[in-house]
Amino acid sequence: SSVGHIRKLTGEMNTRIAAEGIDLTLLLGMENHLDLELPQDYSNGRALAMNGSRYILVEMPFFGRPNYVESVLFDLQVRGLIPVLAHPDRIEAFQKEPDFLVDLVERGMLTQITAGSIVGHFGGRLKRFTEILLRRGLCHILASDTHLPRGPRSPQLRYCVEAAEKLVGSERARAMVVERPRAILANLDVTVEPPGPAGGESRWWRFWKSG
């Protein structure tokens, strides 16, 4: 299976990295496309959570809003998982209806935005939408969504974090790239503010460990 192949490649890469004396370890996860089979694929080992945790990265369709979206996400939650919605900044359904994203976050889901969106790598309109998501507390994790070692899809995050700091402050920006990703990989609780306008309430939510 593709998951078995990925596990093999990850093991081989970690062996090579260790042999080179590089202080780095690759951890296993995948961006899981949201379809009707996803919950069962997870149960059968054909879809993976992040580093074996209860947090699962889910990619919604870029266009349209299939009528099964909410039921599939709920099914994942029933199985004890916390969906992390990949790049909501680039998903048409959220761009058309931001309150749809608010609803999913209020149901206990997290979001992972693409760092390049903050600095305009996908255009000015998407940049402005991402800024709205940041100010409303709808961005929980900041990731490179890297495809290439260099260029706008490289794993470099520093200048994107600096742009986020100007919008939400250094503490919140750091949480998106350090504390929350670290907690997810360790399968610990993740604390986020509830969605709302910039400068809104300061109470906190906590996603408690299940089981």
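This one's a predicted model, so the numbers in the text were calculated from it and none came from an experiment.

Novice: Help me out: how do you make sense of the overall build of the chain in this one?
Specialist: Helix and strand counts for the chain come out as 9 helices and 7 strands. Taken along its principal axes, the extent of the C-alpha atoms in the chain is 45 × 40 × 30 Å. Intrachain contacts of the chain at a sequence separation of at least 6 include 65% that bridge at least 24 residues. Of the accessible surface of the chain, which amounts to about 11,400 Å², a share of 52% is contributed by carbon and sulfur atoms. A gap of 3 Å separates the mean positions of the 26 positive and 25 negative side-chain charges of the chain.

Novice: Explanation requested: the pairing of strand 2 (residues 55-59) in the structure shown.
Specialist: Within a regular beta strand, the side chains point alternately toward one face of the sheet and then the other, so they alternate between its two faces. Most of strand 2 sits inside the fold, with 5 of its 5 residues counted as buried. Neither face of strand 2 is left uncovered, since the one carrying Tyr55, Leu57 and Glu59 and the one carrying Ile56 and Val58 both have all their residues buried. Across 4 bridges, the pairing between strand 2 and strand 3 (residues 82-86) is parallel. Residue pairing in the sheet places Leu57 in a bridge with Val84 of strand 3. One crossover worth recording links strand 2 to the parallel strand 3 by way of helix 3 (residues 69-78), and it is right-handed.

Novice: Before we go on, may I ask you to explain unusual backbone geometry in this structure?
Specialist: Phi is mostly negative for residues that are not glycine, and the peptide bonds are mostly trans. For His87, which is not a glycine, the phi torsion comes out positive at approximately 30°. Here His87 is to be found in the loop between strand 3 and helix 4 (92-96). Owing to a relative accessible area of 3%, His87 belongs among the buried residues under this scheme. Of note, Asn187 is a non-glycine position whose phi angle comes to about 60°, a positive value. With respect to the helices and strands, the residue Asn187 is situated in the loop between helix 9 (170-185) and strand 6 (191-192).

Novice: Is there a simple way to explain the nonpolar core in this structure?
Specialist: The nonpolar side chains of a soluble globular protein tend to be buried, and buried together. Counting residues in hydrophobic clusters, the biggest one holds 39 residues, and the most contacted among them are Met60, Leu73, Phe94, Leu104 and Leu134. Ranked by the residues each element gives to this core, the list is headed by helix 8 (residues 158-168), at 6 residues. With residues near it in sequence (within four places) discarded, Leu73 still touches Leu34, Val58, Pro83, Leu85, Leu104 and Met109. Ile82, Ile141, Val190 and Val192 belong to the second largest nonpolar core, which has 12 residues in total.

Novice: I'm lost on the pattern of salt bridges in this one. Help?
Specialist: Two side chains carrying opposite charge are able to pair once their charged atoms lie near each other. Enumeration according to the criterion identifies 13 salt bridges in this entry. Across the salt bridge formed by Arg65 and Glu70, the nearest N and O atoms sit 2.7 Å from each other. With a relative accessible area of 21%, Glu70 lands in the partly exposed category. With a closest N to O distance of 2.8 Å, Asp103 and Arg107 form a salt bridge. The network of salt bridges with shared partners includes Arg65, Glu70 and Glu97.

Novice: Would you mind going over the environment of Cys160 with me for this structure?
Specialist: Relative to the helices and strands, Cys160 resides in helix 8. When its relative accessible area of 1% is taken as the criterion, Cys160 is described as buried.

Novice: Explanation requested: the confidence of the model for the chain in the structure shown.
Specialist: Any region with low pLDDT has predicted coordinates that should not be read closely. On average, residues of the chain score 89 in pLDDT, and 90% of them reach the 70 mark or higher. Taken as a whole, residues 198-211 scores under 50 in pLDDT and shows 33 contacts with residues more than four places along the chain or in a different chain.

Novice: How should the environment of Ala143 be read in this particular structure?
Specialist: Note on placement: Ala143 falls in strand 5 (residues 141-143). For the pair formed by Ala143 and Lys96, sequence separation is 47 residues and the distance between their alpha carbons is 23 Å. Ignoring sequence-local partners within four residues, the contact set of Ala143 consists of Gln112, Ile113, Thr114, Ala115 and Leu157.

Novice: How should a nonpolar patch on the surface be read in this particular structure?
Specialist: Taken together, the side chains of Met13, Ile22, Leu24 and Leu26 make up a nonpolar region of the molecular surface, amounting to roughly 340 Å² of accessible area. Of note, Leu26 is situated in the loop between helix 1 (2-19) and strand 1 (32-33). With relative accessibility at 34%, the residue Leu26 sits in the partly exposed group.

Cut-offs and rules
- Residues numbered from 1 in each chain as written.
- Predicted model: local features only at pLDDT ≥ 70, side-chain atom pairs only at ≥ 80, totals over all residues.
- Heavy atoms only, no water.
- Helix = DSSP H or I, 4+ residues; strand = E, 2+ residues; numbered from the N terminus.
- Contact = heavy atoms within 4.5 Å.
- Areas by Shrake-Rupley, 256 points an atom, 1.4 Å probe, with all protein chains shown as cover.
- Lys, Arg positive; Asp, Glu negative; His and termini not counted.
- Charge placed at Lys NZ, Arg CZ, Asp CG, Glu CD.
- Buried < 20%, exposed > 50% of the residue type's maximum accessible area, 1.4 Å probe, protein only.
- Pairing = 2+ DSSP bridges.
- Right-handed = clockwise from strand over helix to strand, strands pointing away.
- Core = buried A, V, L, I, M, F, W, Y, C linked by side-chain atoms within 4.5 Å.
- Salt bridge = Lys/Arg side-chain N within 4 Å of Asp/Glu carboxyl O.
- pLDDT = per-residue confidence, 0-100.
- Patch = residues over 30% accessible without salt bridge, like charges linked within 9 Å, V, L, I, M, F, W, Y side chains within 5 Å.

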